[in-house]
Amino acid sequence: MSAAAVCLTDSARRRSQPILEQLVQSRFASRLFAKDDTLWGGSAADEAAIRLGWVDFSSEARDVLAQVESFRSEILARGISRIVLCGMGGSSLAPYVITHREGIELTVLDSTHPDTVRAALTHDIEQTLAVISSKSGSTVETLSHRAAFTRAFADANVDPADHVVVVTDPGSKLEASARAAGQRVFHADPNVGGRFSALTAFGIVPAGLAGADIERLLLEAEAVRPSLMQDSLDNPALQLAATVFADLPERYVLEVVESVSEPWGLGLWIEQLVAESTGKDEQGVLPLSLPRGAAPTSAEPARVVELQDGDAIGAALTIDSEQAIAVAGSLGTQFLLWEVATAALGHLVGVDPFNQPDVESAKIAARKSLTSAEDSEECWVPAFAGTTVSGISCKSGEHAAAADIIAGLKQAVPSNGYVAIQAYAAPEGPCSGPLERFRSALADAWDVPVSLGWGPRYLHSVGQFHKGGRPLGVFLQIIDVPTEDLEIPEGESSFATLMRAQANGDAAVLRERGRTVLRVSGATTVAALDQLVAAVEQLGA
């Protein structure tokens, strides 16, 4: 029995067949696993040459696993029972999915909202181990979290050297700082980019320390690897890439749903992998991870990807829609399959899947915002429910109503477009439910793809596509102003200031690229969201 399966309708198979044959004839799979850095063109070769370590992950992964198992025994003996992962993008989403599958507790801190950071710092701090994951060693969010945890451990009279471990590339500034502080360092493979790092130290260390069965994960990936290496029409990764590419550029949105008894959250990981790898040069593919129970749209730019676990392979895979794709396999299988398919998509689309040129632009803009007057170039007007709003036309001195924002948002959505809600709020806080209701209300009323991304997490995920991919998005930032800020120890700003600067920076770059950005900010976000939902329902389709 195959370790993976891709199920298509007959017409989808016919449309994708010539592309699949092209991939097979060009020997894409075997060249990829031979680390052929010319697959994405001459301009991408230098980057590709140092980013293909993930194709033969097994040996290094098992070396890391042995270190993790030994260190886990050590920390359990010291009474450490809570693992907090501080990381962004691929450095946090893969461990989240791995532990989520097994129902193992892992606190993932990838937010700069003061309420979220404060909650992570004040819960069982004496029994906590903070895993600081950053490939470059310079990720501002992660370094800020490290500083906050170092202060919290010291305040609790526990030695930070015993409660902080670092995962980073060899030779990074973070490694030097960690070793100077007496902290344990796990090396990541420098030849693997962050979003392709699920089966490397970035996935293994935090998930393994939390107690996940990493041996099982690696066995699953190793089992599917031989079929993914084959230049064959039966290669499931090539089938997936060919099918997605066949409907580009019109159907560029993948609405991802999980048909497993307990969803793993795999769609969030697929978002960052595919969107950041392909969303460049006004091209690419945008996956949207739908929450459990949410209905996919019937919108023109979208098709549905249904994720099924390995148990579905033995049964007859069925799909309900002409625009659906079913992908079945265990978690380790899915990780490697999607990585290969994404590399193939980059080849087909004609982009470098290993760079992220537009992510850095938002970082630069955020740093500029930190050192300038906040929102100095933007006109905010009083709005509903104790909020302010920008990005819509409003006469001087007038208030904006919820209906004004919804009408402005709807008018801005282009043909074949999508809406992205960018929420700078606490992901586990009181805004979570209302934000999801708002997302669903928009998608149901307008029948357009609507994403919900948490800032700054989305900046390290779909943010690349927002700025560099198809220029068809309309963006609504929801900025929850915390009632109490939190200082970044030894830093030049607070977490609330950093969060606001990240929102400002992304909005500025999006507008420079010609995207429409509406912004709502205030301390009464839940009430504001209720009014936005009511306005959507009143306005209707």
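Since we're looking at a predicted model, the values are computed, not measured.

Peer 1: So what about unusual backbone geometry? Which residues, and what values?
Peer 2: Looking along the chain, the bond that leaves L248 and enters P249 is cis, with omega of 5°. Tracing the backbone through its elements, the reader meets P249 in the loop between α12 (236-246) and β7 (253-258). Cis peptide bonds are those with omega within 30 degrees of zero, and the linkage from G455 to P456 qualifies with 5°. Counting through the fold element by element, P456 comes out in the loop between β14 (450-454) and α18 (463-468).

Peer 1: An account of the pairing of β14 is requested, with residue identities and associated values reported.
Peer 2: Of all the five residues making up β14, four are buried; the element is thus mostly covered by neighbouring parts of the structure. Two strands pair when backbone bridges link them, and strand β13 (residues 418-424) and β14 are joined in this way by five bridges, in the parallel orientation. Within β14, the position partnered with Q422 by the bridge is G453. Following the chain from β13 across helix α17 (residues 432-446) to the adjacent parallel β14, one finds a crossover that is right-handed.

Peer 1: Please set out the sheet that holds strand β8 (residues 286-289) residue by residue, giving values where relevant.
Peer 2: With mixed pairing, the five strands of this open sheet are ordered in space as β1-β10-β9-β7-β8. Of all strands in the sheet, those bounded by a partner on one side alone are β1 (4-7) and β8. When strand polarity is set aside, the average angle formed by the axes of neighbouring strands in this sheet is 20°. Of the pairings in the sheet, the one linking β7 to strand β9 (residues 302-308) comprises six bridges and is parallel in character. Bridge pairing in β9 links V257 to E306. Sheet strands touched by helix α13 (residues 266-278): β7, β8 and β9. Its angle to β8, the strand with the most contacts, is close to 165°. Packing against the sheet, helix α14 (residues 331-349) makes contact with β1, β9 and β10 (324-329), and its axis sits at approximately 125° to β10.

Cut-off values and rules
- Residues numbered from 1 in each chain as written.
- Predicted model: local features only at pLDDT ≥ 70, side-chain atom pairs only at ≥ 80, totals over all residues.
- Heavy atoms only, no water.
- Helix = DSSP H or I, 4+ residues; strand = E, 2+ residues; numbered from the N terminus.
- Buried < 20%, exposed > 50% of the residue type's maximum accessible area, 1.4 Å probe, protein only.
- Pairing = 2+ DSSP bridges.
- Right-handed = clockwise from strand over helix to strand, strands pointing away.
- Axes fitted to C-alpha atoms, helices over the stretch in contact; angles between N-to-C directions.
- Contact = heavy atoms within 4.5 Å.

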